[in-house]
Amino acid sequence: MRPARALIDLQALRHNYQLAREITGAKALAVIKADAYGHGAVRVAQALEAEANGFAVACIEEALELRAAGIRAPVLLLEGFFEADELPLIIEHDLWCVVHSLWQLEAIEQARLSKPLTVWLKLDSGMHRVGLHPKDFQEAYQRLLASGKVAKIVLMSHFARADELDCVCSNEQVAVFEAARQGLSAEVSLRNSPSVMGWPNVSSDWVRPGIMLYGATPFGEDQAIAARLQPVMTLESKVICVRELPAGEPVGYGARFVTPKPMRVGVVAMGYADGYPRHAPTGTPVLVAGQRSQLLGRVSMDMLCVDLTDVHQAGLGSTVELWGKNILASDVATAAETIPYQIFCNLRRVPRLYSGA
Ligand SMILES: *Cc1c(COP(=O)(O)O)cnc(C)c1O
């Protein structure tokens, strides 16, 4: 059997969820969209269901997968419905629904619903992606109430730059939000992971942690809460071939690495078809037989090469950690000029093995 696999530590996941709760004192929707950032939405939801206040996903397809697996906790659709004909299903499966646009508000007004909806009304406080314009916010709230089709409204917005700890934009977004919701007595939800971890003064009845649940930091710099996260996913494989090469020999496609001295090179069963980033360059950290080493040359579809020259205990069959508790996914992401979010979401083909359920 091919040795490539992703080990998922559900105990670490619960630790990270509890940390988000503890440092905010708020209710927390665990964000498990995109198959829980590659970790497996159903398994992650099952592991958190006993303690989570609810879950958040991107669309009804993701929500129905949870319901089909028996998850009864609240599930919020972060983009609401894409077409009005999803509304009966939203009611039937007891889902919570973001309203981010006037067309969605109109669809609710016109719908015939057997039960009232729980709506999270979203303000565009400055990111300019989705969300109602501040001038429309109060009226939208009143129209939802007047429609008679809504049981509860939570007011929400989303930060564009909360991962930049010295940027004033998040404060400006909070000010826009506070002005827009003046006089409305409803719960609010503002904080994603960078805001949960780095912006303790933003008040939010509900927080929406995603990446931090999986133990990766959204920040490009060291940060106190980031140091308390526990990585959940370990991507590992084994050395399947060892080469002793003299100086001056190319390694891999395009001869992008040429040995500067005699070297021992290990070939690992892991490639970009597994989601390992093809753009990770020579020097990207890996852990071989418990010792830090580096990637060599181009990543291929099913294999990549690592430096065994100074890892004397390593050889055929040695375990290689591509990311996990020793090699942080965020460090691999930085080397490959991407973010840990994408590193995790790209995971495919490798079996996921769960522990700590
Ligand atoms: C994805 C998402 C989150 C979670 O973001 P993280 O940075 O992963 O914590 C929170 N809120 C909304 C609206 C999202 O789309």
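As the structure is a prediction and not an experimental result, all values here were calculated from the model. (Residues numbered from 1 in each chain as written. Predicted model: local features only at pLDDT ≥ 70, side-chain atom pairs only at ≥ 80, totals over all residues. Heavy atoms only, no water.)

Examining the packing of aromatic side chains
To describe a pair of aromatic rings, one takes the distance between the centres and the angle between the planes. Inspection of the entire model under this criterion finds 7 aromatic pairs. When the ring of Trp96 is compared with that of Trp120, the centres are 6.1 Å apart and the planes differ by 25°; the resulting orientation is stacked. Of this pair, Trp96 sits in strand E5 (residues 96-99) while Trp120 sits in strand E6 (residues 117-122), placing them 24 residues apart in sequence. Neither residue differs from the other here; Trp96 and Trp120 are each classed as buried. Three or more aromatic residues link up through ring pairs in this structure, and these residues are Tyr37, Tyr214 and Tyr341. Directly above the aromatic system of Tyr354 lies the positively charged group of Arg43, at a separation of 4.3 Å from the ring centroid. (Phe/Tyr/Trp six-rings, centres within 6.5 Å; stacked < 30°, edge-to-face > 60°. Helix = DSSP H or I, 4+ residues; strand = E, 2+ residues; numbered from the N terminus. Buried < 20%, exposed > 50% of the residue type's maximum accessible area, 1.4 Å probe, protein only. Lys NZ or Arg CZ within 6 Å of the ring centre and 35° of its normal.)

Notes on the packing of helix H1 (residues 10-24) against helix H3 (residues 41-48)
Two quantities define a packed helix pair, namely the angle between the axes and the distance from one axis to the other. Closest axis-to-axis distance for the H1/H3 pair is 10 Å, and the angle between their directions is 60°. Relative to H3, the element H1 lies oblique. As H1 packs across H3, the resulting crossing turns out to be right-handed. Residues Leu10, Leu13, Arg14 and Tyr17 of H1 pack against Arg43, Val44, Ala47 and Leu48 of H3. Here the residues of the contact of H1 with H3 are counted per class, giving 6 nonpolar, no polar and 2 charged. (Axes fitted to C-alpha atoms, helices over the stretch in contact; angles between N-to-C directions. Parallel < 35°, antiparallel > 145°, perpendicular 65-115°, else oblique. Left-handed = near helix turned anticlockwise from the far one by under 90°. Contact = heavy atoms within 4.5 Å. Nonpolar A, V, L, I, M, F, W, Y, C, P; charged D, E, K, R; others polar.)

What to know about the sheet that holds E5
The 8 strands lie next to each other as E2-E3-E4-E5-E6-E7-E8-E9, forming a closed barrel whose pairing is parallel. The strands touched by helix H7 (residues 134-147) are E6 and strand E7 (150-156); relative to E7, the strand with the most contacts, the crossing angle is about 165°. (Pairing = 2+ DSSP bridges.)

Focus: the site of the ligand
Around the ligand, 14 residues are found, and the nearest of them are Lys33, Tyr37, Ser193, Ile211 and Tyr341. At a separation of 2.5 Å, an oxygen atom of the ligand approaches a polar side-chain atom of Ser193. Put simply, the parts of the chain that give the shell around the ligand at least two residues each are helix H2 (33-37) and helix H9 (193-198). Residues that form the shell around the ligand fall into these classes: 7 nonpolar, 4 polar and 3 charged. (Near = heavy atom within 4 Å. Polar contact = N/O pair within 3.5 Å; in protein donor to acceptor, adjacent residues only side chain to side chain.)

Structural notes on unusual backbone geometry
A negative phi angle characterises most non-glycine residues, just as the trans form characterises most peptide bonds. Phi at Ala36 takes a positive value of approximately 55°, unusual for a residue other than glycine. Counting through the fold element by element, Ala36 comes out in helix H2. Exposure remark for Ala36: the relative accessible area of 0% places this residue in the buried category.

As for the side chain of Lys122
One can find Lys122 in strand E6. Among buried Asp, Glu, Lys and Arg side chains, Lys122 stands out as unpaired, with Glu79 the closest opposite charge at 7.4 Å. Contacts of Lys122, omitting those with residues within four sequence positions, involve Val98, Val99, His100, Arg129, Val130, Gly131, Leu132, Phe137, Met156 and His158. (Lys, Arg positive; Asp, Glu negative; His and termini not counted. Salt bridge = Lys/Arg side-chain N within 4 Å of Asp/Glu carboxyl O.)

Quick word on the pattern of salt bridges
This structure, assessed with the given rule, holds 14 salt bridges. Glu187 is the partner of Lys152 in a salt bridge, and the nearest nitrogen-oxygen pair spans 2.9 Å. Placement of Lys152 in strand E7 and of Glu187 in the loop between helix H8 (169-180) and strand E8 (188-191) is noted, with a sequence separation of 35 residues between them. When its relative accessible area of 34% is taken as the criterion, Lys152 is described as partly exposed.

Details of the packing of helix H6 (residues 102-110) against H7
Look at H6 against H7: their axes get within 10 Å of each other, and the N-to-C directions meet at 15°. Relative to H7, H6 is oriented roughly parallel. In this structure, H6 crosses over H7, and the sense of that crossing is left-handed. Note on element contacts: H7 touches H6 through Asp136, Ala140, Arg143, Leu144 and Ser147, opposite Leu102, Leu105, Glu106, Ile108 and Glu109. Looking at the contact of H6 with H7 residue by residue, the class counts come to 5 nonpolar, 1 polar and 4 charged.

With respect to the state of the cysteines
For the coordinates displayed, the defined rule picks out 1 disulfide. Across a sulfur-sulfur distance of 2.2 Å, Cys167 and Cys169 are joined as a disulfide pair. Grouping residues by exposure puts Cys167 and Cys169 together as buried. Cys59 forms no disulfide, and the closest cysteine sulfur to it belongs to Cys97, at a distance of 12 Å. Relative accessible area serves as the criterion here: at 16%, Cys59 is assigned to the buried category. With no disulfide of its own, Cys345 lies closest to Cys59 among cysteine sulfurs, the gap being 13 Å. (Disulfide = S-S within 2.5 Å.)

Focus: helix H4 (residues 60-68)
Looking only at H4, the buried set comprises Ile60, Glu62, Ala63, Leu66 and Arg67. Buried residues of H4 fall within an arc of 160° about the axis and therefore sit on the same side. Away from its buried face, by an angle of more than 90 degrees, H4 presents the exposed residues Glu61 and Ala68. On its buried face, H4 sits against H2, H3, strand E3 (54-57), strand E4 (75-77) and helix H5 (87-92). Just downstream of H4, Gly70 is the residue with a positive phi angle, here 95°. (Arc of directions from axis to C-beta.)

Fair warning: the whole summary comes from geometry, so function is off the table for now.
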